[in-house]
Amino acid sequence: MKQTDRVPHKARGAAQSAGVPAERAGTTKTSYPLMKYLSLLLAVALLFSGVTFARYLSNDRIDSSVGIAAFDATYSIDRVNTTTFGNQNYWIQTGTSGDDIPQGAGSEITVGITLKNNGDTSVQPTLHLEGPKEYWDHIALQLTTARNVAAGEVLTPQLVVREIATATGDSFETESSTDYGSLGGEDATLALNGSIDDEGGRTATWTYGEGENAKMNKMTITKKTDAIITYSVGFVRQSEDAFLPPFYVDCRKKTDIYSIDLELPALEVAAAQKNTDGSRTAAEQRVVVWLTWTTDAPNNSQAANSKFWKAIADGVAPEGVKDQSGQDIAILGYHFDQSGVPVTNKIGQATGETTTVRVKNTFGDTADALTTEYFHIASLDEAGQDSAYPHAAKLVEELVEEKKYIYLCGGPSPTYFDVSDVESTFTNEDINLIKWEEVKDAEEGDITSTTYAPVHERSFGISFKATFVQSSEVP
């Protein structure tokens, strides 16, 4: 039997992903959390807001008889190379010489975005990035026009978010920041206004170019306090000598959120070209967002003790869970992935291929009220070169035969898979537990101990989107 664990799949039509539900408020917000698991990593889930990977178009067309120029601008997320960071310092000191080595080199997350204009006037985009403060406090940000930097242009200096957000005074030199694998480009003196704690946030502006060609770049960081987020914490599972895919507990808590807006004149997109046959050729501008992990973050919790795991195994939410700062955490449910799931055709016959399925269970009011959902894990691109994401699946009633359950992954080319042998519930015997001991009285040897599962990964939602204004309206 051919074992592929990957089925080419387009992400169009994915209505909801595991962990963070889709929302609608004028635009479509679809979440694509992590799939790739690496040992002892701080995992990051990317939440792409206001756009689908099928190049969702938001177009307010105006009747040509009115005589007003058409405004037709959109954007797409084209590729994401990975969704995980190693939770370590970028620079690691080795030996007695004091030399540092770039342990984090080559581990950047790159998000490829295409800005497209099919309208009659040039437009100026603003890139909007959003996520928990505890994530952005460990990120260095840089923008280019191509992933192969030599073939494109570096649009910004490397911007260490935490340093810019907390800098004192009215200016900040990017040259003073530690180099976390900067892609080049000229350092800049950022003019600072406002505070991260102000309603308008912290703005940083800098010029590029000279004389009449000089233009102003702007970065704005705003903070929202007591925002409610959903996220996941992963734990190691092991059966005998084999490691299983990590077990994720889905959580909700209040935290601070950073919104980062980037306004760069270099990203202006010209008006569409009008062809002689009456058609249009849209103008495009590509941009790559580079995210580099800078310093390690606390990644441990003793809340996942034996009482915690018993409640989850019984199908109820553990109570009284707090993080290290004393913040209350609500436990919503759990999820895990299972590979080797048979792929079938539309009449339930096995094709010889296998794929990966995510099982997500959400707690109810009682132990027997557990809600189970399945998600298909597939790459964004059909070549399977980028990270894979969970796509919503549903039971196809007409294909149910005896106790065989066939699920369908939405999209123009549906994928069917047989989940009749997929374990949907949790057994806590496979969770790796450790014993932590504390000596309270060294002379009398008074020792207390706690048994708990150490944190393996954390998964957060990070959103990326673009907004457009007519270039003539830009101040």
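Rules of the game
- Counting restarts for each chain, with residues numbered from 1 along the sequence as it is written.
- Residue-level local features of this predicted model are given only where pLDDT is at least 70; pairs of side-chain atoms are given and counted only at 80 or more, and the full residue set underlies all totals for whole chains, interfaces and linings.
- Here the side-chain values reflect all heavy atoms present in the structure, with hydrogen atoms and water set aside.
- Under the scheme used here, helices are H or I runs from DSSP no shorter than 4 residues and strands are E runs no shorter than 2 residues, and both carry numbers assigned from the N terminus.
- For every residue, the accessible area obtained with a 1.4 Å probe (protein chains only) is divided by the maximum for its type, and the residue is called buried under 20%, exposed over 50%, and partly exposed between those limits.
- Contacts are residue-level and defined by heavy atoms, with any inter-residue pair within 4.5 Å sufficient.
- Residue exposure ignores everything except the shown protein chains as possible cover, and the areas themselves are Shrake-Rupley values with a 1.4 Å probe.
- Only strands that DSSP links by at least two bridges are regarded as paired with each other.
- Pairing of N or O atoms within 3.5 Å defines a polar contact, subject to two protein rules: one partner must be a possible hydrogen donor and the other a possible acceptor, and residues neighboring in sequence count only if both atoms are side-chain atoms.
- The nonpolar core is taken to be a set of buried Ala, Val, Leu, Ile, Met, Phe, Trp, Tyr and Cys residues, with the residues joined through side-chain atoms within 4.5 Å.
- Think of a 1 Å grid over the protein atoms and nothing else: a 1.4 Å probe that fits but is trapped marks a cavity, an open set flanked by protein within 12 Å on at least five of seven lines marks a pocket, and residues with an atom within 4 Å of a point count as lining.
- Grid points are joined across faces, edges and corners, and a volume is the space filled by probe spheres set on the points.
- Residues are grouped as follows: nonpolar covers Ala, Val, Leu, Ile, Met, Phe, Trp, Tyr, Cys and Pro; charged covers Asp, Glu, Lys and Arg; every other residue, Gly included, is treated as polar.
- Counted as salt bridges are all cases of a side-chain nitrogen of Lys or Arg within 4 Å of a carboxyl oxygen of Asp or Glu.

Chemist: Sorry, what's going on with the overall build of the protein here?
Modeler: On a plain count of helices and strands, the protein comes out with three helices and 30 strands. Put simply, the protein has 475 residues, and 45% of those count as buried. Residue pairs in contact within the protein that sit at least 24 positions apart in sequence constitute 65% of those at least 6 positions apart. Put simply, the protein shows about 23,300 Å² of open surface, and 45% of that area lies on carbon and sulfur atoms.

Chemist: Any chance you could explain the environment of K215 here in plain terms?
Modeler: For K215, the position within the fold is in strand 16 (residues 215-239). For K215, a relative accessible area of 39% corresponds to the partly exposed category. Considered as a pair, K215 and A266 are 51 residues apart in the sequence and their alpha carbons are 8.7 Å apart. Excluding residues within four positions of it along the chain, K215 makes contact with W206, T207, Y208 and P265.

Chemist: Sorry if this is basic, but what is going on with the sheet that holds strand 11 (residues 139-144) here?
Modeler: Two strands in a sheet stick together by hydrogen bonds in their backbones, pointing the same way (parallel) or opposite ways (antiparallel). Read from one edge to the other, the open sheet built from five strands follows the order 5-9-20-11-12, with strand pairing classed as antiparallel. The open sheet terminates on both sides in strands that have one partner only, identified here as strand 5 (73-80) and strand 12 (159-160).

Chemist: Quick question: what am I supposed to make of the side chain of S232 here?
Modeler: Here S232 lies in strand 16. One polar contact links S232 to D250, side chain to side chain, over a distance of 2.8 Å. Discounting residues that sit within four places of it in the chain, S232 has contacts with Y248, V249, D250, H335, E457, R458 and S459.

Chemist: Is there a simple way to explain the nonpolar core in this structure?
Modeler: Nonpolar side chains tend toward joint burial in soluble globular proteins. L115, W136, L141, M219, L291 and W309 are the most contacted members of the largest nonpolar core, which totals 82 residues. The residues contacting W136, other than those within four sequence positions of it, are L129, E130, G131, V161, R162, Y258, I260, L291 and I462.

Chemist: Please explain the layout of surface pockets as it appears in this structure.
Modeler: Quantified by volume, the second largest pocket comes out at close to 480 Å³. Along the wall of the second largest pocket there are 29 residues; nearest its centre are E134, K253, D323, Q324 and R458. Mapped onto the lining of the second largest pocket, the elements with two or more residues apiece are strand 16, strand 17 (242-263) and strand 29 (455-459). Top contributing element to the lining of the second largest pocket by residue count: strand 17, with five residues.

Chemist: Looking at this structure, how should I read empty space enclosed by the protein?
Modeler: Empty space among the atoms becomes apparent when a probe as large as a water molecule is rolled across them. Under the criterion given, the structure shown has three cavities of 30 Å³ or more. Forming the walls of the second largest cavity are E108, A140, Q142, Q158, G181, L183, W290 and T292. If you list the elements that add at least two residues to the lining of the second largest cavity, you get strand 11 and strand 20 (283-293). In terms of residue class, the lining of the second largest cavity is built from three nonpolar, four polar and one charged.

Chemist: Would you explain the pattern of salt bridges in this entry?
Modeler: Applying the stated criterion across every chain yields a total of 13 salt bridges. Among the ionic pairs, D250 bridges to K360, the shortest N-O distance being 3.2 Å. Pair noted here: D250 is in strand 17 and K360 is in strand 22 (residues 350-362), with a separation of 110 residues, a long-range link. Take D250 and K360: they sit in the same class, and that class is buried. Among the charged side chains, a network of salt bridges with common partners joins D78, K116, E284 and R286.

Chemist: Teacher, can you tell me more about unusual backbone geometry here?
Modeler: The phi angle of most residues is negative, glycine excepted, and most peptide bonds adopt the trans form. Positioned with a positive phi, D226 is a non-glycine residue whose angle comes to about 55 degrees. Within the element layout of this structure, D226 appears in strand 16. Taking relative accessible area as the criterion, D226 reaches 54% and is therefore assigned exposed.

Read these as spatial facts, not as claims about activity.
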